[in-house]
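Chain and residue survey
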Amino acid sequence: MAAERGVDAAGVLSLMPPRLVGMSNPYTAVLFDLDGTIVDSAPGITATLAATFQRMSLPVPAPAELLAYVGPPILDSFRDLAHFDEETSERALGIYRVLYLETGVFDATVYPGLEGVLSAIHDAGIRLSLATSKPERPATLVLEHYGLTRYFDELTGASDDEVRSKKADVVAEALRRLRAGGADLSRPVMIGDRIHDIEGAGEHEVPTIFVTWGYGAPAESAGAVAVADDAQQLLGLLGLTPGG
């Protein structure tokens, strides 16, 4: 079994003994990011972003630039990456949402082995919640499209009005819903691919396992308790095996 990587006192990723990976169910609840973690949704998101810029009669950023929009709340990306003012950001968001639901929402692919991970978590009786900065409606549509909603106890995402969009706020809501449902939150963990996942979960003292198949740069894994390079390794880090 692959060795688990954790963070030492200096915050540097280091190898941990493989025996630690084999401990039974080290976590009592799991929060899962969506874009870049469960599904590769970049094609649909970047195509919709390009169409949004075109609709606004603005130059379309290069593909690599558009990829940076994937993960954080879209409204924040319009502000931080496109440098739109508040009014323009809101206008862009309105256009993006309509176009995304029309054409981009199903232009995604489930990463290899991820359904098996979700199934194993569910079969082990560990409470599972989505925790995505994507609004709940399109996030739910994506999971329903691929038959994945059955594995989740809660589907938590950004609110339609963007009042809840920052990852820390989404994590707080996911934890609230799980707690209301009687979940054991003594040892929760976040699974994500961006620094936003690590920082947002960290605000609630929830550790994060960083996955390398998503959109985050390797440096974004700093602060994660472990790093998974594939679905099988992620199962090991969760103390699970396929089918439970």
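Since we're looking at a predicted model, the values are computed, not measured. (Residues numbered from 1 in each chain as written. Predicted model: local features only at pLDDT ≥ 70, side-chain atom pairs only at ≥ 80, totals over all residues. Heavy atoms only, no water.)

**Let's talk about the overall build of the protein chain**
- Within the protein chain, the regular secondary structure consists of 10 helices and 10 strands.
- Counting every position in the protein chain, which comprises 244 residues, the buried fraction comes to 52%.
- Here the contacts in the protein chain between residues at least 6 apart in sequence split such that 66% fall between residues at least 24 apart.
- Accessible area of the protein chain: about 10700 Å², with a carbon and sulfur share of 54%. (Helix = DSSP H or I, 4+ residues; strand = E, 2+ residues; numbered from the N terminus. Buried < 20%, exposed > 50% of the residue type's maximum accessible area, 1.4 Å probe, protein only. Contact = heavy atoms within 4.5 Å. Areas by Shrake-Rupley, 256 points an atom, 1.4 Å probe, with all protein chains shown as cover.)

**What about the sheet that holds strand β6 (residues 127-135)?**
- Read from one edge of the open sheet, 6 strands run β7-β6-β3-β8-β9-β10, paired in parallel fashion. Edge positions in the sheet fall to β7 (154-158) and β10 (226-228), since each has one partner strand and no second. Neighbour-to-neighbour, the strand axes of the sheet open up by a mean angle of 25 degrees, direction not taken into account.
- Sheet topology places strand β3 (residues 29-32) next to strand β8 (residues 188-192); 4 bridges connect them, and they run parallel. (Pairing = 2+ DSSP bridges. Axes fitted to C-alpha atoms, helices over the stretch in contact; angles between N-to-C directions.)

**Points about the confidence of the model for the protein chain**
- Here the protein chain averages 88 in pLDDT, while 89% of its residues score no lower than 70.
- Across residues 1-23, confidence stays below pLDDT 50; counting only partners more than four residues off in sequence or on other chains, it has 45 contacts. (pLDDT = per-residue confidence, 0-100.)

**Section: the environment of Glu86**
- Its location among the elements puts Glu86 in helix α5 (residues 86-104).
- Judged by relative accessible area, which is 66%, Glu86 ranks as exposed.
- Counting along the chain gives 10 residues from Glu86 to Asp76, while the straight-line C-alpha distance between them is 9.9 Å.

**Points about the environment of Thr140**
- One can find Thr140 in helix α7 (residues 136-145).
- Separated by 16 residues in the primary sequence, Thr140 and Thr156 place their C-alpha atoms 9.0 Å from one another.
- Here Thr140 is in contact with Thr149 and Leu155, once residues within four sequence places are set aside.
- Within the structure, Thr140 has its side chain in polar contact with the backbone oxygen of Glu136 (distance 2.8 Å). (Polar contact = N/O pair within 3.5 Å; in protein donor to acceptor, adjacent residues only side chain to side chain.)

**What about the pairing of strand β9 (residues 208-211)?**
- Burial of the side chains of β9 extends over both faces: Thr208 and Phe210 are buried on one face and Ile209 and Val211 on the other.
- Regarding topology, helix α9 (residues 195-202) serves as the crossover connection from β8 to the parallel β9, and that connection is right-handed.
- Alignment of β9 against β10, held across 3 bridges, turns out to be parallel. Following the sheet pairing, Val211 is matched in β10 by Ala228. (Right-handed = clockwise from strand over helix to strand, strands pointing away.)

**Looking at helix α8 (residues 167-180)**
- Given a rise of 1.5 Å per residue, 14 residues ought to cover 20 Å, and the 20 Å separating the end C-alpha atoms of α8 matches this to within 8%.
- The complete set of buried residues in α8 reads Lys167, Ala168, Val170, Val171, Glu173, Ala174, Leu175, Arg177 and Leu178.
- Of the residues one or two after α8, Gly182 is the one with positive phi, at around 85 degrees. (Expected span 1.5 Å × (residues − 1).)

**Digging into unusual backbone geometry**
- Within the chain, Ser57 stands out as a residue other than glycine whose phi angle is a positive 60 degrees.
- With respect to the secondary-structure elements, Ser57 resides in the loop between α2 (42-55) and α3 (63-67).
- Relative accessible area serves as the criterion here: at 68%, Ser57 is assigned to the exposed category.
- Although it is not a glycine, Glu205 sits at a positive phi angle of roughly 60 degrees.
- With respect to the helices and strands, Glu205 occurs in the loop between α9 and β9.
- Since its relative accessible area comes to 75%, Glu205 is described here as exposed.

**Things to note about the environment of Ala47**
- Its location among the elements puts Ala47 in helix α2.
- When its relative accessible area of 46% is taken as the criterion, Ala47 is described as partly exposed.
- Taking the C-alpha atoms as reference points, Ala47 and Tyr100, 53 residues apart in sequence, are found 8.8 Å from one another.

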